[in-house]
Amino acid sequence: MKIICIGRNYTDHIEELSNERPKEPVIFIKPDSAVLPKEQDFYRPEFSNDIHYEVELLVKIHKVGKHIAKEFAPNYYDEIGLGIDFTARDVQTQLKQKGLPWEKSKGFDGSAVIGKWVSKAQFENLENISFSLEKNGVQVQSGNSGLMLWKIDEIIAYVSQFFMLKKGDVIFTGTPAGVGPVQENDVLVGKIEQEVKLRTIIK
Ligand code: ZN
């Protein structure tokens, strides 16, 4: 499986990192080795002193497809999830300054936390899903799928022009504002609506 991530998909997060608002979705990929095994603690890598959490809604692809039209995109996924796109912000900042690819800062081992999946049928409206992240019991991020610059079906249409989507692939749909650093013993808890979907302890 592969993990396809969308960057800069919420206006408030674009502003907090002083990024340019993109004309097309920003895409990057994490390898399957980036998945943090379920229930395991997250060990901060030695090459960074500034690991940030980014909570994101996830979509799991359940059917192979390429060049998928937006109106047919719903046929290609049936589960929604919650994840954390851990980012070595110091490394990413250096790479961005040099115009180099982001992989070292985004695709390292354990950088993709994937929480519990929920059938999409459980949501009345996929364009109104609220989600949040708490750090040590204090809410640090909250978002709603309705605030995405590119909605799920548009993301699938766009991404599938470049990458064939396969069963089991996961799309990280971007993070809202509030990203920030983690320290040893921090506890991150992510929720969709009010239900806990992921919990990670930082080591
Ligand atoms: Zn992200």
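Residues numbered from 1 in each chain as written. Predicted model: local features only at pLDDT ≥ 70, side-chain atom pairs only at ≥ 80, totals over all residues. Heavy atoms only, no water.

(A) Summary view of unusual backbone geometry. The phi dihedral of His67 falls on the positive side, at around 45 degrees, and the residue is not glycine. Tracing the chain through its elements places His67 in the loop between β4 (55–61) and β5 (77–85). (Helix = DSSP H or I, 4+ residues; strand = E, 2+ residues; numbered from the N terminus.)

(B) Main features of the coordination of the zinc ion. Here the zinc ion is held by Glu54 (OE), Glu56 (OE) and Asp85 (OD), and the distances to it run 1.9 to 2.1 Å. Considered as a linear motif, the donors of the zinc ion on their single chain read E-x1-E-x28-D. Pair noted here: Glu54 is in the loop between β3 (51–53) and β4 and Asp85 is in strand β5, with a separation of 31 residues, a long-range link. Given a relative accessible area of 1%, Asp85 falls into the buried group. (Donors = N, O, S within 2.8 Å, 3.2 Å for Na, K, Ca; no water. Buried < 20%, exposed > 50% of the residue type's maximum accessible area, 1.4 Å probe, protein only.)

(C) Summary view of the sheet that holds strand β12 (residues 180–181). Within the open sheet, the three strands sit side by side as β6-β3-β12. Their pairing is antiparallel. Looking at the sheet topology across the chains shown, the edges are occupied by β6 (87–88) and β12. Sheet analysis places β3 next to β6, joined by two bridges and oriented antiparallel. Looking at β6, one finds that His52 is bridged to Thr87. (Pairing = 2+ DSSP bridges.)

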